[in-house]
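Structural characterization, general
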Amino acid sequence: MSKYYLNYLDELESEAIYVLREVWAQFQNPVILFSGGKDSIVVTHLARKAFYPCKIPFALMHVDTGHNFPETIQFRDDLVKELGVKLIVGSVQKSIDQGRVAEERGKNATRNALQTTTLLDAIEEHRVDCAIGGGRRDEEKARAKERFFSHRDDFGQWDPKNQRPELWNLFNGKHFEGEHFRAFPISNWTEMDVWNYIKKETISIPSLYFAHQREVVWRQNSWIPNSEFLKLEENEEIHLKKIRFRTLGDITITGGIESDADTVEKIALEVSAMRQTERGNRSDDKRSETSMEDRKRQGYF
């Protein structure tokens, strides 16, 4: 990386740390939404730097679909132990058992959309007034409308037409009882920036991001990993492919790409030549043109 680009990463880091410190200054009980994906890992790393030598002052909140990659859960638990922070887990299975949400049926069923109810219930139960996420504006067109401080009403809903101005990096976190905010410290980062920052800071990430042999099924123009939750159709068959994942989510809808990139350096080089967004392999985003925005309006990440 060039000296200019390293300086640019320093600027992005400084901006993100400023946002994290503003969250801590303005809210009473903020948490980091931790999925085990690279973006939430980078946000956690930034929080670590922002408050060093003290411990991260935020708990980590994970919405567990029950259909996670085992590698993701192991990485989460190891990191929580290393950091010595509190972990809050919202269970989608518990929401299903309590009748709060209904399990989807069919070939492309997923628990991803069910996370919204579980997340909002966890926010209410733990009286969270700000949930810090790793969303970036380059991910998807609905993400591009998001501000650093994103207001949510007392139903947890987001209105993209009613966002507060953020002139000169002045953030307004005032809210009424029952409302809360989402904060996105790395909004201005790109996927390329994230990988170069991971390389620069030597941040540990789950092995799923690196190319490796895995059993997969070709579905919806993606290689979906074989798992106990996957129901094969008659015309589908399991293949052994060397793939990696650009984004991590529910194992039933997270598609991999064929790749030989088994180091961070190779991943960064591969990403620099790609023209499809990283969420292009998420089958839940393919349900409609507005699927992400619809879910965000309902209270999704």
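As a reminder, the structure under discussion sits directly above these lines.
Residues numbered from 1 in each chain as written. Predicted model: local features only at pLDDT ≥ 70, side-chain atom pairs only at ≥ 80, totals over all residues. Heavy atoms only, no water.

1. Re the pattern of salt bridges
- Summed over all chains, the structure comprises 19 salt bridges.
- Across the pair Glu 13 and Lys 49 runs a salt bridge, and its minimum N-O distance is 2.7 Å. Of the two residues, Glu 13 sits in helix H1 (residues 3–26) while Lys 49 sits in helix H2 (residues 38–50), which places them 36 residues apart along the sequence.
- Taking the shortest distance from any N to any O, the salt bridge between Arg 100 and Asp 121 comes out at 2.7 Å. Placement of the pair is Arg 100 in the loop between helix H4 (92–97) and helix H5 (115–125) and Asp 121 in helix H5, with a sequence separation of 21 residues.
- What makes Arg 100 partly exposed here is its relative accessible area of 45%.
- Classification of Asp 121 by relative accessible area gives partly exposed; the value is 24%. (Salt bridge = Lys/Arg side-chain N within 4 Å of Asp/Glu carboxyl O. Helix = DSSP H or I, 4+ residues; strand = E, 2+ residues; numbered from the N terminus. Buried < 20%, exposed > 50% of the residue type's maximum accessible area, 1.4 Å probe, protein only.)

2. Things to note about the nonpolar core
- Core analysis: the biggest nonpolar cluster contains 55 residues, and Leu 46, Phe 58, Phe 149, Trp 189 and Trp 195 have the highest contact counts within it.
- Looking at this core, the elements with two or more residues in it are H1, H2, helix H3 (70–83), strand E4 (130–132), strand E6 (180–183), helix H6 (191–201) and helix H7 (264–272).
- Looking at this core element by element, the count peaks at seven residues for H1.
- For this core, the two domains that each supply at least three residues are domain 1 (8–193 + 290–298) and domain 2 (205–285).
- The contact partners of Trp 195, leaving out residues within four places of it in the chain, are Lys 38, Ile 205, Tyr 209, Arg 244, Val 264, Ile 267, Ala 268 and Val 271. (Core = buried A, V, L, I, M, F, W, Y, C linked by side-chain atoms within 4.5 Å. Domains from an automatic or database assignment. Contact = heavy atoms within 4.5 Å.)

None of this, on its own, says anything about what the molecule does.
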